[in-house]
Amino acid sequence: MVQLVGSLRKELADSVSSCRVLVVGAGGIGCELLKNLVLTGFKNIEVIDLDTIDVSNLNRQFLFQKKHVGKSKAQVARESVLHFCPEANITAYHDSIMNPDYNVEFFRKFMLVMNALDNRAARNHVNRMCLAADIPLIESGTAGYLGQVTVIKKGLTECYECQPKPTQKTFPGCTIRNTPSEPIHCIVWAKYLFNQLFGEEDADQEVSPDTADPEASCESISVLLTACGVGQWLFYRSTQALLTSAGDPAQTAARAGASNQDGDIKRVSTKDWARSTGYDAVKIFNKLFKDDIMYLLTMDKLWKKRKAPQPLDWVDVQEMVCAQEEASGPGLRDQQVLGVKGYAELFCSSVETLRSQLAEKGDGAQLVWDKDDQPAMDFVTAAANLRMYVFSMNMKSRFDVKSMAGNIIPAIATTNAVIAGLIVLEALKILSGDLEQCRTVFLNKQPNPRKKLLVPCALDSPNANCYVCASKPEVTVKLNVHKTLVQSLQDKILKEKFGMVAPDVQIEDGKGTILISSEEGETEANNTKCLSEFGIRNGSRLQADDFLQDYTLLVNLLHCEDLEKDVEFEVVGDAPDKAPPAPSASEEDKSIANGNQDPALPSTSSKAAAEPDDVLIVDSDEEPSSSSMEATVETGGVKRKLEDAETAGAGSKRKRLHEAPLSDDDIIALD
């Protein structure tokens with residue numbers, strides 16, 4: 001007779017109790033997952049998340065309350081989950097999983113790793129660390145009502161990067177507001193700003209820092225109010241009392257502290273404040289790019305692991321030398337990148353134009369965002385680029401900004417809950433030794449003709465041409481060796497395109513010439529030189545090593561002088577960034593976004609063509625067989641070095657038998 005412990009067989013319950021798991025991310029999915037794990041019987045859990053709790057998280061991240069706003073998600077999640085199971089051993093890290101401290105040896109401590117992330121770079125990194133440590137990874141994600149869970153195991157299944165993925169379009173709201181790290185974060189922020197100033201205001205699209213954040217001490221708030229004149233735009237419940245106490249730091253601090261305690265902070269709306277200034281472009285500029293940034297700097301904890309932003313003052317910008325303001329690059333005006341002064345002037349001129357348009361429409365009128373409306377596009381381009389500059393990012397052309405601008409869909413708490421449950425079910429299969437029974441499971445928006453919302457699909461075999469999990473990862477890159485700088489090779493190709501964190505690069509020239517070193521300052525002088533200055537030419541080979549990821553990539557270079565306009569390089573062959581042609585309706589692959597709508601697809605499927613929301617999802621009762629996958633299993637060593645034996649013939653990728661409709665290719669999801 002089978003002995004049960006709760007609902008589990010005793011052997012499985014013992015495995016669950018002793019299993020050590022790592023949960024990466026403590027947001028929408030992470031909160032549900034941590035609760036599920038302890039209630040299932042998992043006792044040894046470590047959770048890591050760099051984010052802090054924002055008011056916008058409270059509607060779906062149920063482990064957090066108003067009093068937790070501004071605190072570490074990982075640490076508060078730990079405290080809350082312990083109420084469910086006080087005897088659990090939970091360790092929380094308020095940190096980035098990409099920190100070098102979390103190396104391959106760290107990952108080897110765990111029997112399972114579960115991703116609950118919201119960005120592509122971190123997913124890529126965890127994928128590589130789990131491959132290097134030979135640890136099973138359960139990847140997951142949600143996008144509105146859509147969701148997906150899949151299992152990744154070295155040598156058995158596709159890894160996260162085996163198939164091409166569209167550009168990520170999913171971003172946490174708190175990242176957009178306080179800690180942007182990518183240009184798209186700034187573009188979404190600028191679209192919010194357009195609506196706050198000129199369009200229909202939405203409380204969920206706040207662009208200013210959250211003044212209830214307890215990470216900003218009362219002393220910091222009082223200093224800021226006095227130094228920056230923030231009282232002109234920030235109002236607590238007793239507006240007049242705050243203004244009259246501006247000269248008394250103790251009184252101001254007390255009022256700020258009281259508001260922080262109950263989270264009841266009232267602001268004059270951004271639009272009303274702007275109207276009170278007569279839409280003074282300079283005042284708006286200084287509020288957004290100086291005062292708000294100075295406030296963010298008072299939140300010390302935010303900048304312990306991140307590079308702090310640099311405030312911009314209108315007067316200082318006007319004194320910048322003209323040479324910095326020349327448009328960079330040839331081509332059409334829309335494809336040029338202006339300097340800071342240029343974007344500051346564009347910001348002011350667009351504010352004036354939009355103010356006039358608003359005045360012509362009369363009182364109570366609103367402007368509607370349209371990427372084909374030149375003043376609106378100028379405003380978003382300028383505001384986004386100024387914010388990129390403040391947060392030390394490379395600025396983008398108007399053409400690039402326009403191509404990235406899109407709509408927004410919300411995160412759904414129920415979807416997160418369903419996906420978190422599926423993650424635990426897959427974990428139980430792994431701990432039972434039934435890895436061959438693991439599935440990629442899709443949560444669809446509506447039942448298919450067979451009345452199914454959840455549709456399982458057999459896991460796909462590794463892609464033999466994958467530039468990450470193949471036995472000898474190798475890619476071919478076409479570029480102009482006379483124009484491509486070493487800095488571009490490092491930042492745009494190795495880091496941005498191929499997901500490396502700290503690459504070391506040597507030229508295979510018989511001398512072992514070091515082109516790029518991850519040690520600070522060692523090869524900095526090379527950054528401004530072209531590749532050709534190091535003897536690199538058509539057919540040259542580079543070996544790029546990322547010791548943090550225990551990952552080596554061979555890069556073959558093809559010299560080309562006739563690349564398309566504004567294209568610096570092109571990955572040729574079976575490239576990770578070149579998605580296959582759109583399949584026919586009967587062959588379309590399943591595509592669900594990760595971490596809300598991160599079409600970084602937790603499953604490694606290529607993106608299906610977008611369909612209207614009301615299209616039924618059609619699938620077969622029969623799953624693709626996993627026999628072909630099992631036939632290709634060949635477990636290698638723990639480390640994935642170039643000398644490892646080549647993985648035996650991975651089968652061709654099976655087509656998904658169903659699809660999820662995505663209503664708009666430009667959708668951005670927030671979590």
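Please refer to the structure placed before this passage.
Calculation notes
- Once a new chain begins, its residue numbering starts again from 1 and follows that chain's sequence as written.
- Whole-chain, interface and lining totals are the exception, using all residues; otherwise, since this is a predicted model, local features are given only for residues with pLDDT of at least 70 and side-chain atom pairs are given and counted only at 80 or more.
- Only heavy atoms go into the side-chain values, all of them from the structure, while hydrogens and water stay out.
- Patches were defined on residues exceeding 30% relative accessible area and lacking a salt bridge, with like-charge contacts within 9 Å and nonpolar side-chain contacts (Val, Leu, Ile, Met, Phe, Trp, Tyr) within 5 Å.
- Surface accessibility in these figures is a Shrake-Rupley result with a 1.4 Å probe; residues are shielded only by whichever protein chains are displayed.
- The salt bridge definition used is simple: a Lys or Arg side-chain nitrogen within 4 Å of an Asp or Glu carboxyl oxygen.
- With a 1.4 Å probe rolled over the protein chains alone, any residue whose accessible area is under 20% of its type maximum counts as buried; one over 50% counts as exposed, and the rest are partly exposed.
- Helix and strand assignments come from DSSP, with helices taken as H or I runs of at least 4 residues and strands as E runs of at least 2, each series counted from the N terminus.
- The disulfide definition used here is simple: a pair of cysteine sulfur atoms within 2.5 Å.
- Only the stretch in contact is used when fitting a helix axis, every axis being a line fitted to C-alpha atoms; angles between N-to-C directions are given from 0 to 180 degrees.
- By definition in this entry, angles of less than 35 degrees are roughly parallel, angles greater than 145 are roughly antiparallel, angles of 65 to 115 are roughly perpendicular, and the rest are oblique.
- Take the far helix as your reference; a near helix turned counterclockwise from it by less than a right angle gives a left-handed crossing, and one turned clockwise gives a right-handed crossing.
- Any two residues having at least one pair of non-hydrogen atoms within 4.5 Å are treated as being in contact.
- Polar here means any residue outside two lists: the nonpolar Ala, Val, Leu, Ile, Met, Phe, Trp, Tyr, Cys and Pro, and the charged Asp, Glu, Lys and Arg; Gly therefore counts as polar.
- Neither His nor the chain termini are counted; the positive set is Lys and Arg, and the negative set is Asp and Glu.
- Charge placement uses NZ in Lys and CZ in Arg. For Asp and Glu, CG and CD serve respectively.
- The pairing test for Phe, Tyr and Trp rings, Trp by its six-membered ring, is centres within 6.5 Å, and the orientation test on the planes gives stacked under 30 degrees, edge-to-face over 60, and tilted for anything in between.
- Between the first and last residue of a helix there are one fewer steps than residues, each counted as 1.5 Å, and that sum is the expected span.
- Any two strands with at least two DSSP bridges between them are considered paired.
- Place the viewer so that the strands point away; then a crossover is right-handed whenever the path from the first strand over the helix to the second strand goes clockwise.

## Notes on a nonpolar patch on the surface
Okay, step 1: The grouping of L39, F62 and F84 at the surface amounts to a nonpolar patch, some 290 Å² of accessible area in total.
Okay, step 2: For F62, a relative accessible area of 37% corresponds to the partly exposed category.

## A short note on the pattern of salt bridges
Okay, step 1: For the structure on display, the rule yields 19 salt bridges.
Okay, step 2: One salt bridge connects D134 with K153, and the closest N-O pair in it is separated by 2.8 Å. Of this pair, D134 sits in the loop between helix 5 (120–133) and strand 7 (137–143) while K153 is found in the loop between strand 8 (146–152) and strand 9 (170–171), placing the two residues 19 residues apart along the sequence.
Okay, step 3: Accessibility expressed as a relative area gives 17% for D134, which makes it buried.
Okay, step 4: Relative accessible area serves as the criterion here: at 14%, K153 is assigned to the buried category.
Okay, step 5: In this structure, R541 and E508 form a salt bridge, with 3.1 Å as the shortest nitrogen-oxygen distance. Residue R541 is located in strand 16 (residues 541–546), and its partner E508 is located in the loop between strand 14 (504–507) and strand 15 (513–516); the two are separated by 33 residues in the primary sequence.
Okay, step 6: Taking the relative accessible area as the measure of exposure, E508 reaches 37% and is therefore partly exposed.
Okay, step 7: A network of salt bridges, in which partner residues are shared, links R20, E46 and K109.

## Quick notes on the state of the cysteines
Okay, step 1: A full pass over the atoms with the stated rule returns zero disulfides.
Okay, step 2: No disulfide involves C159; its nearest neighbouring cysteine sulfur is the one of C466, lying 3.7 Å away.
Okay, step 3: According to the relative accessible area criterion, C159 is buried, its value standing at 0%.

## Structural notes on the packing of helix 2 (residues 28–40) against helix 17 (residues 413–431)
Okay, step 1: As a packed pair, helix 2 and helix 17 sit with axes 8 Å apart at the nearest point and diverge in direction by 45°. Classed by the angle they form, the pair helix 2 and helix 17 counts as oblique. For the pair helix 2 and helix 17, the sense of crossing is right-handed. Along its contact with helix 2, which presents G28, I29, E32, L33, N36, L37 and T40, the element helix 17 presents A413, N416, A417, I419, A420, G421, I423, V424 and L428.
Okay, step 2: Residues of the contact of helix 2 with helix 17, tallied by class, amount to ten nonpolar, five polar and one charged.

## Topic: a positive patch on the surface
Okay, step 1: On the surface, K67, K71, K301 and K304 cluster together into a patch of positive charge.
Okay, step 2: Relative to the helices and strands, K304 is located in the loop between helix 12 (281–297) and helix 13 (314–318).
Okay, step 3: The class for K304 is exposed, based on a relative accessible area of 64%.

## Regarding the packing of aromatic side chains
Okay, step 1: For the coordinates displayed, the defined rule picks out 17 aromatic pairs.
Okay, step 2: Centre to centre, the rings of Y102 and F106 are 5.0 Å apart; their planes meet at 65°, and the pair counts as edge-to-face.
Okay, step 3: Y102 sits in the buried class, given a relative accessible area of 8%.
Okay, step 4: Both rings, one in F198 and one in Y279, keep their centres 5.4 Å apart while their planes meet at 15°; by these two values the pair is stacked. Highlighted residues: F198 in the loop between helix 7 (183–197) and helix 8 (218–228) and Y279 in the loop between helix 11 (270–276) and helix 12, separated in sequence by 81 residues. Here the two residues F198 and Y279 agree in accessibility, since each one is buried.
Okay, step 5: Taken together, W189, F194, F198, Y279, F285, F289, W314, F347 and F379 form an aromatic cluster joined through their ring pairs.

## Structural notes on helix 14 (residues 340–361)
Okay, step 1: An ideal rise of 1.5 Å per residue puts 32 Å on 22 residues; helix 14 measures up with 32 Å between its terminal C-alpha atoms.
Okay, step 2: Buried within helix 14 are the following residues: V340, K341, G342, Y343, A344, L346, F347, C348, S350, V351, L354 and L358.
Okay, step 3: Here the buried face of helix 14 lies against helix 7, helix 12, helix 13 and helix 15 (374–390).
Okay, step 4: Phi turns positive one or two residues past the end of helix 14, at G362, with a value near 95°.

## Some words on the sheet that holds strand 4 (residues 44–48)
Okay, step 1: A sheet is described by the order of its strands in space; here eight strands give the open sequence 5-4-3-6-7-8-11-12, paired in mixed fashion. Every other strand in the sheet has two partners, leaving strand 5 (89–93) and strand 12 (454–458) as the edge strands with one partner each. For this sheet, the mean inter-axis angle between neighbouring strands, taken without regard to orientation, is 15°.
Okay, step 2: Where strand 7 and strand 8 come together, seven bridges link them in antiparallel fashion. In the strand pairing of strand 8, G141 is matched with Q148.

## Section: the pairing of strand 5
Okay, step 1: Bridging between strand 4 and strand 5 involves five bridges; their strand directions are parallel. Bridge assignment links V47 to a residue of strand 5, and that residue is A92.
Okay, step 2: Handedness of the strand 4-helix 3 (residues 73–81)-strand 5 crossover: right-handed.

## Quick look at the environment of D334
Okay, step 1: Structurally, the position occupied by D334 is in the loop between helix 13 and helix 14.
Okay, step 2: Taking the C-alpha atoms as reference points, D334 and V401, 67 residues apart in sequence, are found 9.7 Å from one another.
Okay, step 3: Aside from chain neighbours lying at most four places away, what touches D334 is S397, R398 and F399.

Read these as layout, nothing more, since geometry by itself doesn't imply function.
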